Amino acid sequence: MNSSSCAMLLYTFLFTARSMGVVSDHDVRGNATLVVGKKHGLVQSSVRADSVTAESYKWLLCDSPDANARSVTIGRDVPPGTHDADNQLCAATYIELYRLTGQSNQTMIAATMAEFDSEISDPKTTSYWSWVDALFMAMNPYARLGGVTGEQKYFDKMFANFNASCLEGPVPDKTYAFWSDEYHLFYRDDRFLKSTTFWGRGNGWAMGALVAALQNSPASDPHTDVYKSMFKAQAAELKSIQGDDGVWRSSLLNVSGYPTPETTGSSLFTFGLAYGINSGILSRDDYLPVVTKAWNFLSGTALQPSGLFGYCQPVGGSPEHNINASTTSDFCVGQFALAATQVAQLGL
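Counting from 1, residues in each chain are numbered in the order their sequence is written. Reporting in this predicted model follows two pLDDT cut-offs: at least 70 for local features of residues, and 80 or more for side-chain atom pairs to be given and counted; totals over whole chains, interfaces and linings ignore these cut-offs and use all residues. Each side-chain value is derived from all of the structure's non-hydrogen atoms; neither hydrogens nor water enter the calculation.

Considerations on the overall build of the protein
Part 1: Broken down by element type, the protein carries twelve helices and two strands.
Part 2: Looking at the protein residue by residue over its 348 residues, the buried ones come to 56%.
Part 3: Carbon and sulfur atoms form 51% of the exposed surface of the protein, whose accessible area is close to 13800 Å². Runs of H or I in DSSP of at least four residues are treated as helices and runs of E of at least two as strands, each being numbered from the N terminus. Note on classification: 1.4 Å probe, protein chains only; a residue is buried when its accessible area is under 20% of the maximum for its type, exposed when over 50%, partly exposed between these limits. Note on areas: Shrake-Rupley with a 1.4 Å probe; residue coverage comes only from the protein chains shown.

This is the structure:
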């Protein structure tokens, strides 16, 4: 599957939510028309359209065969082909479609199961998530696959990789240590360790990954308490550093150096915090004002009369200054839509 096809499927997931209908006529070049609603017909139309797209690619994972080129783009070593986490997010779409259509067509998830079973059998894959974005890209399908199959092995593998990326790792000298116990935020990758550089969108990806784990893991999963503890700690930190305008910056702790509002990370934070309220993990009294303030900026300032959703940091891997009211992207619109799926349930 080529990269443009991969992008189309990858970001399709961002418009999928079991709790409500989210439908988009979506162009990977960045144009999108968004309709958010609960109408059954819209949900069914989305399922049909996404199924046709997925069927045309035979429910396969994306594939970027040139791992060296990808490593230059990512800034870290990237595993080849379907082992690359960025190539796995489309599987979350497949699994949602599988769930929404009665879990009867095993073809929808066969390639995903084959890939993840292969990774489970190979210990070296535990170190494959070497940049923080990978948490969101891989934990969404891993958690969903565990949910629809009921197989604990997928939750165990997901935590093993998460542990290697964020916590103590498979062995002490092999961890990436993305999670900062001091700041309760995630480093983008190990180049930034022991600094105060915490990338906004990277932390958004991480919060979204924690949501995926919490939404899909069974109550019996022994790792849920770890995810929940980190989610609550990150939420508290984000609450304390929220901007006066309601959103966050591309460098979370360096507002003076990066003063421009940034909406890719802010949309994901709004999604995560709203989920925390809806699930009962976070106090509604404490966090509803945070979400309301953020949503007011996203829906009232970043979303402009022309329909453009702006203040999006372009593709990158660290805080940048290339952000303004006109910068937008396909994934930024998707992140805004993802936030809407949870905010709509708050009754604002």
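The rest of the description comes next.
As for the packing of aromatic side chains
Part 1: Aromatic contacts are taken between Phe, Tyr and Trp rings whose centres are within 6.5 Å, Trp giving its six-membered ring; a plane angle under 30 degrees counts as stacked, one over 60 as edge-to-face, and the others as tilted. Going through the model one piece at a time under the given rule, you end up with 16 aromatic pairs.
Part 2: Their ring planes at 75° and their centres at 5.3 Å tell us that Trp59 and Tyr94 sit as a pair that is edge-to-face. Of this pair, Trp59 sits in the loop between α2 (40–56) and α3 (67–74) while Tyr94 sits in helix α4 (residues 90–100), and the two are 35 residues apart along the sequence.
Part 3: Residue Trp59 is classed as buried on the basis of its relative accessible area, which comes to 2%.
Part 4: By way of ring pairs, the aromatic residues Phe116, Trp129 and Tyr142 are connected into one cluster.

Notes on the environment of Lys232
Part 1: Topologically, Lys232 is positioned in helix α9 (residues 224–241).
Part 2: Since its relative accessible area comes to 41%, Lys232 is described here as partly exposed.
Part 3: Sequence separation of Lys232 and Leu282 is 50 residues, and the distance between their C-alpha atoms is 7.1 Å.

A closer look at unusual backbone geometry
Part 1: The backbone of Gln103 sits at a positive phi, close to 55°, despite the residue not being glycine.
Part 2: Here Gln103 is to be found in the loop between α4 and α5 (107–120).
Part 3: Here Gln103 falls in the partly exposed class, since its relative accessible area comes to 34%.
Part 4: We note that His184 has phi near 60°; this positive angle belongs to a residue other than glycine.

Things to note about the nonpolar core
Part 1: For the purposes of this section, nonpolar cores are sets of buried Ala, Val, Leu, Ile, Met, Phe, Trp, Tyr and Cys residues that join through side-chain atoms within 4.5 Å. Among the nonpolar cores identified, the biggest contains 93 residues, and Trp129, Leu135, Phe162, Phe186 and Trp248 are the most heavily contacted of them.
Part 2: Tallying contributions element by element places helix α6 (residues 133–149) first for this core, with ten residues.
Part 3: With sequence-adjacent residues up to four places away left out, Trp248 is seen in contact with Leu238, Ile241, Gln242, Pro261, Glu262, Ser266, Phe269, Thr270, Leu273, Val290 and Ala294. Contacts are assigned to residue pairs that have any heavy atoms within 4.5 Å of one another.

Overview of empty space enclosed by the protein
Part 1: Computed over the protein atoms alone on a 1 Å grid, cavities are sets of points where a 1.4 Å probe fits but cannot get out and pockets are open sets with protein on both sides within 12 Å along at least five of seven lines; a residue lines them when it has an atom within 4 Å of a point. Grid points are joined across faces, edges and corners, and a volume is the space filled by probe spheres set on the points. Counted under the stated rule, the structure contains one cavity of 30 Å³ or more.
Part 2: Estimated volume of the largest cavity: approximately 40 Å³.
Part 3: Around the largest cavity, the lining residues are Ser250, Tyr258, Pro259, Thr260, Glu320, His321 and Ile323.
Part 4: Charged means Asp, Glu, Lys or Arg here, nonpolar means Ala, Val, Leu, Ile, Met, Phe, Trp, Tyr, Cys or Pro, and polar covers whatever is left, Gly included. Grouping the amino acids of the lining of the largest cavity by side-chain chemistry returns three nonpolar, three polar and one charged.

Everything listed here is a matter of geometry and, on its own, says nothing about what the molecule does.
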